[in-house]
Amino acid sequence: MTSSQPVKMRNMTSRMKLVLVTMMVMYVQEAVAFPGDLRLVNNGYNGLTVAISENVPHDHCNHVIHGLKSVLTEFSNVLWTTTGGRASLREVTVALPRSWKMDALTCSLLSPLTTSATPSEAHIRVTAPHPVFGNRPWTQQSQGCGRQGDYIQMGGDFLRATTNDSYVYAARLLVTEWVKFRWGVFEERGYKDDPLYPTTFRDPKTNSPRPNRCSTHSITPAPFCSTAAHTPEAPTKHNAQCGGRAAWDIILQSQDFIEGRNEPSNATAPLLPSFKFVQESAPRIVLVVEDTAAMNLQRRWEFVRKAVRRVVVYDVPDGAYVSLVVFNSVAQTAAPLLKMDSLSDVRQRVGSSLPRNPSRVPESHKCVLCALQEALRAFSSDPAGAEGATIILVTTGKGAAPQSDLNEMSRLANSRGVRIDTVLYPMTERRGGPSASHGLETLVADTRGSSFTVMDEGVGNDSKVSMMVALMDALLAAVRRSAPPAAPGAPVIIHSRPYPGGIASMASGTFTLDESLGPSARFSIYYYDLNHVGNTVKLTTPSGQTIASVNMQEEDGDANVIFVNIPKAERGLWHYQVENRADSHQGLHIQVTGTESEERKISLRLWTSLPNTPINATDPSVPVIIYAEVKDDEVPILKAKVTAKLQRLGTNATGSNYDPIYVDLFDNGFGDPDITGGDGVYSRYLPALQGGPGHYELSVSVDHNSGSAVAPINDAFTRPLRIYSEKEKQTCCGSVIRYDHVKPVAQFQRSTTYGVLDVVSRRPPVDLVPPTRILDLRTFVNLTTREVSLRWTAPGDDYDWDRAHHYEAKLASSWAEAKAFEGQRIPGMPAPVMVGTEQVVSIPVVTYDQLVYVVIRAVDEAGNRGGVSNIAALWVPQPPTTPPIVTSPRTLAPSSDPSEPLGRGITQPVRVAGLNLEDMAVIIGSVGGFLIIVAVLATFCYCHVARRRRHQHKKDTEKIEANRNVIIKTNSTLMVDQDESQDSVDSAVKEEVVTTKDGRPLSPMQSWGASKLLQEHERRFSVTSGPLVEAAGTLAHYQSLQEPFPDVTLTGTHSYPSSQTPSTTHSDPPAYQPPYTTADAYAAYPYPYHPGYSHEELPPYTPGLSSQSSQASTAYTHEMASQPSELAYPVDASAFQPADMPSFVGEIAYTQAQPPMYASYPEDAPVTTQAPVRAKVPPPVAPKPPLAARAAATVTTATASVEPKRRNVTQV
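Here is a short report on the structure shown in this document. It should be emphasised that the depicted structure is a prediction, and the values quoted were computed from it without experimental measurement. (Residues numbered from 1 in each chain as written. Predicted model: local features only at pLDDT ≥ 70, side-chain atom pairs only at ≥ 80, totals over all residues. Heavy atoms only, no water.)

### What about a nonpolar patch on the surface?
Together, Ile923, Val927, Phe930, Leu931 and Val934 line one region of the surface with nonpolar side chains, adding up to about 470 Å² of accessible area. Structurally, valine 934 can be placed in helix α13 (residues 917-962). Judged by relative accessible area, which is 40%, valine 934 ranks as partly exposed. (Patch = residues over 30% accessible without salt bridge, like charges linked within 9 Å, V, L, I, M, F, W, Y side chains within 5 Å. Areas by Shrake-Rupley, 256 points an atom, 1.4 Å probe, with all protein chains shown as cover. Salt bridge = Lys/Arg side-chain N within 4 Å of Asp/Glu carboxyl O. Helix = DSSP H or I, 4+ residues; strand = E, 2+ residues; numbered from the N terminus. Buried < 20%, exposed > 50% of the residue type's maximum accessible area, 1.4 Å probe, protein only.)

Dropping the structure here:
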């Protein structure tokens, strides 16, 4: 044998293994293409399941049950007719909600009612109306052509018909959805405002527009287009997904009819379906745990006991039934099936029922079949039996059972209707090597179960605490699958994070509690040794309050956990700090758990396109797609942030953990892989797994995307809807489900674990994965410029990952030519951009008034070509011809210059800068109209502003004219200004009003000079032009420039500070305030009043008002003692009390140390014994002198010597 022969043998062996793996994948894919509980056998469907939601009111029970039986009976007849006698209904199981009370009055059943767990994946769901489709049936399809949909949903009112005709019509609508659900065909009609599937299209035979629907669709709804009536050129969702194939061709290739299965029956009538009614029961779980000698290594068995105790005592919801079975070579029941509650010690007894030590039976002698048989015996005492129950099998995965035992286990599980979930603990594999097979894949797939794996993380004689936490999480995930999604009270992991040890530090982090959770939460610290947890355990609420949890901590050494229960926990962001004293090879694990709320139900469901199927990375024809459905009760949540996580279990060649792979999922409706946008299903292709063959744990987390997530508002809840009102409702589904009203979704966060994906082959050294199909290609034609543009969403390099290398596009003259990707190549295609980005390109088209077709595909760097896109039709009308502008009488002949562009001649329209005259006229007209509008708006604004200014100026002028009264203020000082000219004495009585530059009038204080103000003051206090002289001759000459003089200011209505405005506003002039002095240079003198005024005519005295500035117009009243003939001041200054002084004197706070204000009164002056009478002092307003006197005064003043100008400065 030569040296090359072993190499050839190894290559041949590898190829044989690859072929064997591919055949196994194809076999399993065929087996799970449709769930095993729904099969078409001898022209009759067995295992159809209908689930009625809790949202259907109990008082509708009789109507819904009677309607369901009637509609499904008619459904069997219509299905028989549609398929030509190939299919009808034989068995139907109806699951009723737990809240319905089955009594003879409100909800009577002729058939017996059994108790069973509600199926988690019912085929038909009867629930609340949909926000868009109402009560009308619709199908959620997340996978492609020929693949079964997710479910059919319809409203409860859809079954409340009153006549047989209504039931027949309802049955036809249901068959239309059944065709899409069961056989994977899609809608063959257009939708209003849909960018991909319009309501009309151009018929290739007549080149005329026609409705985008099947020609056989008339009054009676048809389930699908017949082959003869099918139009492959129509832009429908079915043609895009199925490549233009007729619906009946897809149906005949399904698993129900392929290879001659279920040929037309010779029977003359369809089967009459039988109904079985069951009611939802509490979850029933049997934990089956292996205790062979393999569990005695390291601390494996101890971790099993702690994990089982944690799940039973803390995680299983109240009302659930739990049993424990232990097996090695034989099996025995450790705890019978008991109902869990939080009031008794039943949880403690069941959770601690495992033996303290495992057996010594070798792992190779274990009997898995014996364990399953013992688990089924645990249901013998339950009246509900085993149907719908869950068996969680905890085993090492080694020493696989014989094939005969596996076949018997599958038969027993299917006959009793139980689901089997496996937890492989611990899974041991060679570091960096391929994973071993446990041989239970077929059993899990046949019972629609899940598989979870916990990798061995032993260190010497110990095991890491992370392995114990992983086992707890796997058991919790299996327990959650036994209950309906978002069931009230179900456990929810809010936060989970490991903290490695080795360095004394503080483990700090945050977690969020939202309104979708129950009122309480539990903060748990898992440890390997109790001494690894320090004394500091601190929690901080969202409001900033620090909780010293020393008195709130509880320790459970049987589960290696310290936890803090938080009743009525505050909603928001919490902070925590825990002192970490763990060793370098251990650590702490912090986890926060809660429960589902009873008011708000956030459901998260995760699955793949190949459930429980080994993944062959070398076969690109069988890709794997990850799906996640997010709903708020019955409505989808849109624009949420959904992230899947792939974690390769085990360690790499260096002993380190593998890096996780994060996958963002999208609900965009691009067609591949996301079929419909807005349905709440987020999807994406499985990326390249760099870790190679092995076990990959798949999980997903979702949150409200920083407030961007929204949910549709279900308007159908607010009005009654009957079946006939639903005839015109929109049918499901176009490229995107469009909602009329949405609302923001309150903050939430959820996560769930799917299980383990088994990758059985290594990624090939060469790239074999092509880009995805482009299924949103659209064409646009500018009717003015005849420019054609294409739009599409960029695919990836490997499916929907990374960036493709280039595009190939063709322009074909027929639909068949485009489907074969033949025709004229379209040049100038742009380079691909990142996946998910829309691209636009303009293409040259010179074919007018002819229907052509455009297709495109992406090519990666290795030359792998993606699938042909959807075929987009294109119709470009002939451009109008414009006669040329004749500039001379002669006729223009075509140019013979070969350099001129083709077609240039007398029929070529005149163009300017590439635009013809028609285009220029449109542009000029648009610009001119815009400029006219701008000019009109500008003129209106200018006129409006000018009118407002004139109106304001008129009001100010009237105000000044009305306020021509004079107020004399005291407490002024004298200033000299040499620059001002001499003012006339009668300038105060001029009719002109001095104004500023902007037209506003000025007051005398602003416009008069000092001399002018003084002269006005002297004129008003004297009848003559000479100085004021007392009759007795005791007054000094009143011409000294050092004497104070009052201010003269125009005033009108009183102006008060806002805090001192009196209740009645006076329009009379204010009272006069006499001057005062702070020196003894002035003697007191009697001051005669003008005889023309009386104090009864003056306004009342208003005390407490003070001047705020020199420009204030507030008048102050000064009360003084008066006599019948003259005013006399007291003899000495001490007679003045502070209360008798004016307010401005009190404000300056004069003291006794200051000089007296007035001189001594003469001794021979008469003394008045009569009490002084307080009176108001009127203002000295002099009459207006005649015009002749003013003229004379003007001449006299002009000849007098120029005196220094005076400026008034009012003292504040």
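### Some words on the environment of leucine 811
Secondary-structure assignment places leucine 811 in strand β41 (residues 806-812). In this structure the C-alpha to C-alpha distance between leucine 811 and valine 855, which are 44 residues apart in sequence, comes to 6.9 Å. Sequence-distant contacts of leucine 811, defined by excluding residues within four places in its chain, comprise Gly823, Gln824, Ile826, Val852, Tyr853, Val854 and Leu874. (Contact = heavy atoms within 4.5 Å.)

### Let's talk about the pairing of strand β32 (residues 641-648)
Across the eight residues that make up β32, a large majority, six, are buried. The pairing of β32 with strand β35 (residues 694-703) spans eight bridges and is classified as antiparallel. Of the residues in β35, the one forming a bridge with lysine 641 is aspartate 703. Sheet analysis places β32 next to strand β33 (residues 661-665), joined by five bridges and oriented antiparallel. The residue of β33 that forms the bridge with alanine 644 is valine 663. (Pairing = 2+ DSSP bridges.)

### Describing helix α6 (residues 300-315)
Taking 1.5 Å per residue, 16 residues should reach 22 Å; α6 reaches 21 Å between its end C-alpha atoms and fits that length. α6 sits mainly inside the fold: 13 of its 16 residues count as buried. (Expected span 1.5 Å × (residues − 1).)

### Points about the nonpolar core
Inside soluble globular proteins, nonpolar side chains tend to come together where they are buried. Counting residues in hydrophobic clusters, the biggest one holds 52 residues, and the most contacted among them are Tyr45, Leu72, Phe75, Val94 and Trp178. For this core, the elements supplying multiple residues, two or more each, are β3 (48-52), α2 (61-82), β4 (91-96), β6 (124-127), β8 (151-155), α3 (164-183), α5 (247-252) and β11 (274-280). Top element by residues in this core is α3. It accounts for eleven residues. The contact partners of phenylalanine 75, leaving out residues within four places of it in the chain, are Leu89, Ala171, Leu174, Val175 and Trp178. (Core = buried A, V, L, I, M, F, W, Y, C linked by side-chain atoms within 4.5 Å.)

### Regarding unusual backbone geometry
Omega for the bond connecting tyrosine 425 with proline 426 falls within 30 degrees of zero, at -20°, which places this linkage in the cis form. Assignment of secondary structure puts proline 426 in strand β16 (residues 419-427). Each neighbour pair has its own omega, and for aspartate 672 with proline 673 the value is 10°, a cis peptide bond. Mapped onto the secondary structure, proline 673 falls in the loop between β33 and β34 (681-685). With a phi angle near 55°, serine 706 is a residue other than glycine that sits in the positive phi range. By the element assignment, serine 706 lies in the loop between β35 and β36 (710-712).

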